[in-house]
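Each chain, written out:
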Amino acid sequence: MSALADALSVPDGGFSIVAATGEYVTSGYAVSIYPERERIITGGVTGEDLADYLREHADALTLPGRVFGGWRDPASGAAFLDVSVTTRDLPTALALARAHGQLAVFDFAALTSISTDAAGLPAAA
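Residues numbered from 1 in each chain as written. Predicted model: local features only at pLDDT ≥ 70, side-chain atom pairs only at ≥ 80, totals over all residues. Heavy atoms only, no water.

A. Representation of the overall build of the protein. Summing up its helical and strand segments, the protein has four helices and seven strands in all. Radius of gyration (C-alpha) of the protein: 13 Å, near the 14 Å computed for a compact globule of 125 residues. Taking all 125 residues of the protein together, the buried fraction comes to 44%. Long-range pairs, those at least 24 residues apart, make up 59% of the contacts in the protein with a sequence separation of at least 6. Carbon and sulfur atoms make up 57% of the accessible area of the protein, which amounts to about 6400 Å² in all. When the 7 positive and 15 negative side-chain charges of the protein are each reduced to one mean point, those points stand 4 Å apart. (Helix = DSSP H or I, 4+ residues; strand = E, 2+ residues; numbered from the N terminus. Rg over C-alpha atoms; globule rule 2.2 N^0.38 Å. Buried < 20%, exposed > 50% of the residue type's maximum accessible area, 1.4 Å probe, protein only. Contact = heavy atoms within 4.5 Å. Areas by Shrake-Rupley, 256 points an atom, 1.4 Å probe, with all protein chains shown as cover. Lys, Arg positive; Asp, Glu negative; His and termini not counted. Charge placed at Lys NZ, Arg CZ, Asp CG, Glu CD.)

Okay, structure coming up:
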C-alpha cells in the first residue's frame, strides 16, 4: 500500500489496479464512473487511507471490469480515490467521464491524464 500511496505524492501521479489481484492496469483509458464513491484527499495519502478505501468499497471493486484508481490532480493538488473502469477507446472514455462529472481520464499509453474538456475531442452525447 505504501508504494501506491507514494504514486499519489506527485502531480498527475496515480495508479489503477485490479483490487483482487493487485495487478496494475497497463493499457487503454481509465475513467471513474461512480462519483458517489469518490474520495478526495487534500493532503498526503497514506497506505492506511488506501486500505480503508478498499475495505469501504469492496462491493464495487469486486464487480467484473472494475479497478481501484488513484490520481493526484496537478491543477488542484488533491488526490482522488475511486472505482474505475477501463476502455480501449478514447471517445468512449471521455463520454463516460463527462456523463459522470469527471475532470479527466487516464491514458496508459501516454502515462498522462486527458481533460474531459480537451479541445478538438468529441463532446458527450
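B. Quick peek at the pattern of salt bridges. Within this structure, the stated rule accounts for four salt bridges. We note a salt bridge from D59 to R37, for which the minimum N-O separation is 3.0 Å. Residue D59 is found in helix α3 (residues 58-61), and its partner R37 is found in the loop between β2 (29-32) and β3 (39-41); the two are separated by 22 residues along the sequence. Taking relative accessible area as the criterion, D59 reaches 47% and is therefore assigned partly exposed. (Salt bridge = Lys/Arg side-chain N within 4 Å of Asp/Glu carboxyl O.)

C. Region of interest: the packing of aromatic side chains. Counted by the stated rule, this structure contains four aromatic pairs. Relative to F68, the ring of Y53 lies with its centre 5.3 Å away and its plane at 15°, an arrangement referred to as stacked. Here F68 lies in strand β4 (residues 66-72) and Y53 lies in helix α2 (residues 47-56), a separation of 15 residues in the sequence. For F68, a relative accessible area of 0% corresponds to the buried category. Between the aromatic rings of F106 and F108, the centroid separation amounts to 5.2 Å while the plane-to-plane angle is 75°, which identifies the pairing as edge-to-face. Each member of the pair, F106 as well as F108, is classed as buried. (Phe/Tyr/Trp six-rings, centres within 6.5 Å; stacked < 30°, edge-to-face > 60°.)

D. Expanded view of the pairing of strand β7 (residues 112-115). Judged from the four bridges that link them, strand β6 (residues 104-107) and β7 form a sheet pairing that is antiparallel. Across the sheet, the residue bridging to D107 is T112, located in β7. Linking two consecutive strands that pair antiparallel, namely β6 and β7, is a turn of four residues; a positive phi of about 55° is found at L111 within it. (Pairing = 2+ DSSP bridges.)

E. The arrangement of the side chain of R37 in detail. Classification of R37 as buried rests on a relative accessible area of 19%. For R37, the side chain forms a polar contact with the side chain of H57, separated by 3.1 Å. If near-sequence neighbours (up to four positions away) are discounted, R37 is found in contact with Y53, H57, D59, A60, L81 and V83. (Polar contact = N/O pair within 3.5 Å; in protein donor to acceptor, adjacent residues only side chain to side chain.)

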